[in-house]
Amino acid sequence: MTVQSGNTLITIAYTGQEPVRMTADDMAKLAGASFPLSTRIAGAAGEAFDFGAWFTAWRDSQGIAADAPLPTHLKVEAVDTFEALVPWEQLKDAAVQYAIGGEALHKGGPIRLYVPHGSSECLNVKSVVVCKFIHDEEKRGEVSYGFKQTFSAEEMRLKK
């Protein structure tokens, strides 16, 4: 499905590689099949793609070996400074909402991550603009979420 509008870029960062930026539509195309979000999240509306399918296709597109170790965590950052650190094992049935009725997400966009088997009953992070794949065996299984509390001087200059 091609989403109308929705040109906000999402930064994708993977250890040891330059970050790349993609639109929600680009991410959905890379994932392949999309599905009604309600098939994974009861009562949720819109179109989504499977996070795992997208990650596999993205990793392949970046030339990362299929046998490379999987990340230990996914860290997502939202436009409102909300952050979530999700253990990789909890992402099994994760879905990424990118549209409602063929239109880009206006509220809660550019993408929204749903983790139905996460540490909260249904962790969902709206307005995701950064996805970081983290390899940190010492923190394996650790989860955290909340609003960012510290900002660098550079981030403060950008907020003006």
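Quick caveat: nothing in here was measured; it's all calculated off a predicted structure.

Analysis parameters
Residues numbered from 1 in each chain as written. Predicted model: local features only at pLDDT ≥ 70, side-chain atom pairs only at ≥ 80, totals over all residues. Heavy atoms only, no water. Buried < 20%, exposed > 50% of the residue type's maximum accessible area, 1.4 Å probe, protein only. Helix = DSSP H or I, 4+ residues; strand = E, 2+ residues; numbered from the N terminus. Arc of directions from axis to C-beta. Contact = heavy atoms within 4.5 Å. Salt bridge = Lys/Arg side-chain N within 4 Å of Asp/Glu carboxyl O. Phe/Tyr/Trp six-rings, centres within 6.5 Å; stacked < 30°, edge-to-face > 60°. 1 Å grid on protein atoms, 1.4 Å probe; cavity = no way out; pocket = protein on both sides within 12 Å on 5 of 7 lines; lining within 4 Å. Points joined across faces, edges and corners; volume = space filled by probe spheres on them. Nonpolar A, V, L, I, M, F, W, Y, C, P; charged D, E, K, R; others polar.

Participant: Honestly, helix α1 (residues 24-31) in this entry has me stumped. Any pointers?
Facilitator: Since the α-helix advances by 3.6 residues per turn, residues separated by three or four positions end up pointing in the same direction. Burial in α1 covers these residues: Ala24, Asp25, Met27, Ala28 and Ala31. Down the axis of α1, the sector holding all buried residues measures 160°, keeping them to one side. Lining the buried residues of α1 we find β1 (10-14), β2 (20-22), β4 (47-50), α2 (51-61), β7 (95-100) and β9 (111-115). Glycine 32 occupies a position one or two residues after α1 and carries a positive phi of about 95°.

Participant: Looking at this structure, how should I read the pattern of salt bridges?
Facilitator: Any two side chains of opposite charge can pair, so long as their charged atoms come close to each other. Under the criterion given, the structure shown has 7 salt bridges. The salt bridge involving glutamate 83 is made with lysine 75; its shortest N-O contact spans 3.8 Å. In this structure, the salt-bridge partner of glutamate 137 is arginine 140, at a minimum N-O distance of 2.8 Å. Judged by relative accessible area, which is 38%, arginine 140 ranks as partly exposed.

Participant: Help me understand the packing of aromatic side chains in this model?
Facilitator: Using the criterion set out here, one finds 14 aromatic pairs in the structure. Of the aromatic side chains, those joined through ring pairs into one cluster are Tyr14, Phe51, Trp54, Phe55, Trp58, Trp88 and Phe133.

Participant: Quick question: what am I supposed to make of empty space enclosed by the protein here?
Facilitator: Inspection of the entire model under this criterion finds 1 cavity of 30 Å³ or more. Computed from the structure, the largest cavity encloses a volume of approximately 50 Å³. Along its surface, the largest cavity is lined by Met27, Phe49, Phe51, Trp54, Leu74, Val76, Val96, Ile111, Leu113, Val128 and Cys131. Elements with a minimum of two residues in the lining of the largest cavity: α2, β5 (73-78), β9 and β10 (123-134). A class-by-class count of the residues in the lining of the largest cavity yields 11 nonpolar, no polar and no charged.

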